[in-house]
Amino acid sequence: EAQVTQNPRYLITVTGKKLTVTCSQNMNHEYMSWYRQDPGLGLRQIYYSMNVEVTDKGDVPEGYKVSRKEKRNFPLILESPSPNQTSLYFCASSLDLGPINEQFFGPGTRLTVL
Amino acid sequence: GQQLNQSPQSMFIQEGEDVSMNCTSSSIFNTWLWYKQDPGEGPVLLIALYKAGELTSNGRLTAQFGITRKDSFLNISASIPSDVGIYFCAGQLVRKLIFGQGTELSVKP
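So, here is what we can say about the structure in this document. (Residues numbered from 1 in each chain as written. Chains lettered and ligands numbered in written order. Predicted model: local features only at pLDDT ≥ 70, side-chain atom pairs only at ≥ 80, totals over all residues. Heavy atoms only, no water.)

1. Some details on the overall build of chain B
- Counting its regular elements, chain B contains zero helices and 11 strands.
- Counted from the first residue to the last, chain B has its helices and strands arranged as β-β-β-β-β-β-β-β-β-β-β.
- The C-alpha atoms of chain B give 13 Å as radius of gyration, which agrees with the globular expectation for 109 residues (13 Å, within 12%).
- On the principal axes, the C-alpha backbone points of chain B span a range of 40 × 25 × 20 Å.
- Relative to its full complement of 109 residues, chain B shows a buried share of 45%.
- Working note: accessible area of chain B is about 5100 Å², and carbon and sulfur atoms make up 50% of it.
- For chain B, the centre of its 8 positive side-chain charges and the centre of its 9 negative side-chain charges are spaced 13 Å apart. (Helix = DSSP H or I, 4+ residues; strand = E, 2+ residues; numbered from the N terminus. Rg over C-alpha atoms; globule rule 2.2 N^0.38 Å. Buried < 20%, exposed > 50% of the residue type's maximum accessible area, 1.4 Å probe, protein only. Areas by Shrake-Rupley, 256 points an atom, 1.4 Å probe, with all protein chains shown as cover. Lys, Arg positive; Asp, Glu negative; His and termini not counted. Charge placed at Lys NZ, Arg CZ, Asp CG, Glu CD.)

2. So, a nonpolar patch on the surface
All names here are of chain A.
- A contiguous nonpolar surface patch, about 320 Å² in accessible area, is contributed by I12, V14 and L114.
- Structurally, the position occupied by L114 is in the segment after strand 11 (109-113).
- Accessibility expressed as a relative area gives 59% for L114, which makes it exposed. (Patch = residues over 30% accessible without salt bridge, like charges linked within 9 Å, V, L, I, M, F, W, Y side chains within 5 Å. Salt bridge = Lys/Arg side-chain N within 4 Å of Asp/Glu carboxyl O.)

3. What about the interface of chain A and chain B?
- Across the boundary between the two partners, chain A contributes 25 residues, which contact 20 residues of chain B.
- Between chain A and chain B we count zero salt bridges in total.
- Mapped by element, the contributors of at least two residues to the side of chain A that touches chain B are strand 4 (31-38), strand 5 (42-51) and strand 9 (87-94) of chain A.
- Sorting elements by how many residues they give to the side of chain A that touches chain B places strand 5 of chain A first, with five residues.
- Taken together, the residues of the side of chain A that touches chain B break down into 13 nonpolar, eight polar and four charged. (Contact = heavy atoms within 4.5 Å. Nonpolar A, V, L, I, M, F, W, Y, C, P; charged D, E, K, R; others polar.)

4. Description of the state of the cysteines
- Under the defined criterion, the tally for this structure stands at two disulfides over all chains.
- Across the disulfide from C23(A) sits C91(A); the S-S distance is 1.8 Å. The chirality of the disulfide connecting C23(A) with C91(A) is left-handed, given an S-S dihedral of about -70°. One end of the pair, C23(A), is in strand 3 (residues 19-25); the other, C91(A), is in strand 9, and 68 residues separate them in sequence.
- Residue classification places C23(A) among the buried residues on the basis of a relative accessible area of 2%.
- Judged by its relative accessible area of 0%, C91(A) is buried.
- Here C23(B) engages in a disulfide with C89(B); their sulfurs sit 1.7 Å apart. (Disulfide = S-S within 2.5 Å.)

5. Observations regarding the sheet that holds strand 8 (residues 76-78) of chain A
Residue and element names in this part refer to chain A.
- An order of 1-3-8-7 is seen for the four strands of this open sheet, with the pairing classed as antiparallel. A single partner strand is all that each edge strand has here, and the edge strands are strand 1 (4-7) and strand 7 (65-66).
- Across three bridges, the pairing between strand 3 and strand 8 is antiparallel. In the sheet register, L19 faces strand 8, and the bridge partner there is L78. (Pairing = 2+ DSSP bridges.)

6. Comments concerning the environment of S79(B)
Residues and elements named next belong to chain B.
- Relative to the assigned elements, S79 resides in the loop between strand 8 (71-76) and strand 9 (85-92).
- In this structure S79 comes out as buried when scored by relative accessible area, which is 2%.
- Through-space distance from the C-alpha of S79 to that of A90 is 22 Å; in sequence the pair is 11 residues apart.
- Leaving out residues up to four positions away in the same chain, S79 has contacts with I13, Q14, E15, G16, E17, R60 and V107.
- Of note is the side chain of S79, whose polar atom sits 3.4 Å from the backbone oxygen of Q14. (Polar contact = N/O pair within 3.5 Å; in protein donor to acceptor, adjacent residues only side chain to side chain.)

And the structure:
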């Protein structure tokens, strides 16, 4: 089944404790992206990757890192999480970001930073 | 950065009613997209619009790409309980999607 998977689905952590949220897609997609969803703000892009070893900042990259060592994986790293990073996070992928290529979203990771 | 203004923020309607929501922007977009997010899941694409003035239907859903390329609307006709969820508009730029704030739809049977 074609899908985007994220792990973990839920995470409660404390300020300053490094964490990684994994994202994997099995559709051989070039483009991958991370969003955060907050009430009243919609989805905001954190980072995106056009291809292996090519990553770029989205609208809200502060406090996050990403890597794209393989096509299928695009982990999101929080080196020193803070409470304002409590949010619902989505990974997405598409064949590329041309106008006719649908972005497929993962199921989401709900992160709470205490 | 660019922003999309989506309205209304929430709607409470009776089953069978029609629904209308819209998005406006100060920026021009090449593509407008409408997504639906069911509770506990990621957004799923409903309709994509590629040309100014384009009107596209998908079952009971109809969406239009505004002539100015700065706005779009989504209509849902004869709503049913499974229409419940959050609807997002999104405008596509060269390398990213810009999302609206979302419209949360509740349908009363």
